[in-house]
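# Descriptive structure summary
Listed below are the residues making up each chain.
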Amino acid sequence: INVNTLANVLKVIAIPGESLHIKILHKGKDVTQGVGYLDDGTMIVVEHASSDLGKEVNVMVSRVIQTTAGRILFAKKII
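Only a predicted model underlies this, so the values are computations on that prediction, with no experimental measurement involved.

### Topic: the sheet that holds strand β5 (residues 56-67)
Strands belonging to one sheet form pairs held by backbone hydrogen bonds; the direction of such a pair is parallel or antiparallel. Ordered in space as β1-β5-β6-β4-β3-β2, the 6 strands form an open sheet in which the pairing is mixed. Two strands close off the open sheet at either side, each with one partner strand: β1 (19-23) and β2 (26-27). Two elements, β5 and strand β6 (residues 70-77), share 8 bridges in a ladder whose sense is antiparallel. Each bridged residue has a counterpart across the sheet, and for Val61 the counterpart in β6 is Ala75.

Structure, rendered in structure tokens:
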């Protein structure tokens, strides 16, 4: 059994339009971005969430990017 393949199969897959509840843990590259993580370690970059550091927010996934390091989700806050 390939452990890497198994880990990829078990990862949570989020699709654009899906809503999630996450905690904003730190700022992103842009000063207005906040960053949180799914339980499987997938990073979520949230627009206009830098003021929500340490808070839990509801977000909607807007796009998913696959990188060599894994998936990165981009999301917008649901108000």
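Right, picking up where we left off after that structure.
### Quick look at the side chain of Ser50
Assignment of secondary structure puts Ser50 in the loop between β4 (43-47) and β5. Assessed through its relative accessible area of 18%, Ser50 is described here as buried. At a separation of 3.0 Å, a polar atom in the side chain of Ser50 contacts the main-chain carbonyl oxygen of Val31.

Conventions used here
Residues numbered from 1 in each chain as written. Predicted model: local features only at pLDDT ≥ 70, side-chain atom pairs only at ≥ 80, totals over all residues. Heavy atoms only, no water. Pairing = 2+ DSSP bridges. Helix = DSSP H or I, 4+ residues; strand = E, 2+ residues; numbered from the N terminus. Buried < 20%, exposed > 50% of the residue type's maximum accessible area, 1.4 Å probe, protein only. Polar contact = N/O pair within 3.5 Å; in protein donor to acceptor, adjacent residues only side chain to side chain.

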